[in-house]
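Inside the fold
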Amino acid sequence: EPEVTQTPSHQVTQMGQEVILRCVPISNHLYFYWYRQILGQKVEFLVSFYNNEISEKSEIFDDQFSVERPDGSNFTLKIRSTKLEDSAMYFCASSEFGQHYTFGSGTRLTVV
Amino acid sequence: AQSVTQLDSHVSVSEGTPVLLRCNYSSSYSPSLFWYVQHPNKGLQLLLKYTSAATLVKGINGFEAEFKKSETSFHLTKPSAHMSDAAEYFCVVTPYTGRRALTFGSGTRLQVQP
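Structure report, in brief. (Residues numbered from 1 in each chain as written. Chains lettered and ligands numbered in written order. Predicted model: local features only at pLDDT ≥ 70, side-chain atom pairs only at ≥ 80, totals over all residues. Heavy atoms only, no water.)

Quick word on the pairing of strand S9 (residues 73–78) of chain B
Residues and elements named next belong to chain B.
- Where strand S3 (residues 19–21) and S9 come together, three bridges link them in antiparallel fashion. For Val-19, the partnering residue across the bridge sits in S9 and is Lys-78.
- The antiparallel pairing of strand S8 (residues 64–68) with S9 creates a hairpin that spans four residues between the two strands, and Thr-72 there sits at a positive phi of about 45°. (Pairing = 2+ DSSP bridges. Helix = DSSP H or I, 4+ residues; strand = E, 2+ residues; numbered from the N terminus.)

Written out as structure tokens, the structure reads:
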């Protein structure tokens, strides 16, 4: 069964540093998403991406965040100047037509 | 706006007994509803989805859920729990509009006792 692949599985970074979380969506999917889950809290929507542009974003997704599809296979989430409160599990997802989502196994980001 | 309330943060059952995980939703539009499961160190796996077809939805691993509009509920059930069902379960809603964002419930951790 096709999978969404996220790398790395764990990332530790110092406060103020920039991190890039990487995702390889399913190859024929057209919609891409990032969600995050702070420990003990709900999974929250960050951003959706379609046709090489952001189609929807939440209040969380401010200027500190950006997404990119640098080539035909990768989908990245960049977090600039990380803060302690950015520590969370970040999930990438993709869907073919925007209804059935496949999630990756997540990247656990720890900001120290 | 839409929201999801999972009524139990933890549920513990014995192996072989029925499972009931409760979910109530609120949505301004005719919603699509999902149940996802997350095993430790794994991604979010789709169990089943409701998208305005049959109100009783069957999913993988023997799970099913019934959409009850009058009660705004979408409870997840399984007749007989298995040890491998121990995981975190999320009820999820999205409005049936152009918006694609999923709104997650807070999750229910299911424990299965031998």
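Thoughts on the interface of chain B and chain A
- On the chain A side, the residues contacting the 20 residues of chain B number 17 residues.
- Carbon and sulfur atoms make up 54% of the area that chain B and chain A hide from each other, which totals about 1600 Å².
- For the pair chain B and chain A, the interface holds zero salt bridges.
- Along the contact surface separating chain B from chain A lie two residue pairs in polar contact (both at pLDDT 80 or more). (Contact = heavy atoms within 4.5 Å. Buried area = accessible area lost by both parts, 1.4 Å probe. Salt bridge = Lys/Arg side-chain N within 4 Å of Asp/Glu carboxyl O. Polar contact = N/O pair within 3.5 Å; in protein donor to acceptor, adjacent residues only side chain to side chain.)

Let's talk about the layout of surface pockets
- The volume enclosed by the largest pocket comes to roughly 630 Å³.
- Along its surface, the largest pocket is lined by 22 residues, and Glu1(A), Thr102(A), Phe103(A), Leu44(B) and Gln45(B) are the ones closest to its centre.
- For the lining of the largest pocket, the element with the most residues is strand S6 (residues 44–50) of chain B, which contributes four residues.
- Residues of the lining of the largest pocket, tallied by class, amount to ten nonpolar, nine polar and three charged. (1 Å grid on protein atoms, 1.4 Å probe; cavity = no way out; pocket = protein on both sides within 12 Å on 5 of 7 lines; lining within 4 Å. Points joined across faces, edges and corners; volume = space filled by probe spheres on them. Nonpolar A, V, L, I, M, F, W, Y, C, P; charged D, E, K, R; others polar.)

Let's talk about the state of the cysteines
Residue and element names in this part refer to chain A.
- According to the stated counting rule, one finds two disulfides over all chains in the structure shown.
- Between the sulfur of Cys-23 and that of Cys-92 lies a disulfide, 2.0 Å long from S to S. Looking down the S-S bond of the Cys-23 and Cys-92 bridge, the torsion is -65°, so its handedness is left-handed. One end of the pair, Cys-23, is in strand S3 (residues 19–24); the other, Cys-92, is in strand S9 (residues 88–95), with 69 residues separating them in the sequence.
- With relative accessibility at 0%, the residue Cys-23 sits in the buried group.
- Judged by its relative accessible area of 0%, Cys-92 is buried. (Disulfide = S-S within 2.5 Å. Buried < 20%, exposed > 50% of the residue type's maximum accessible area, 1.4 Å probe, protein only.)

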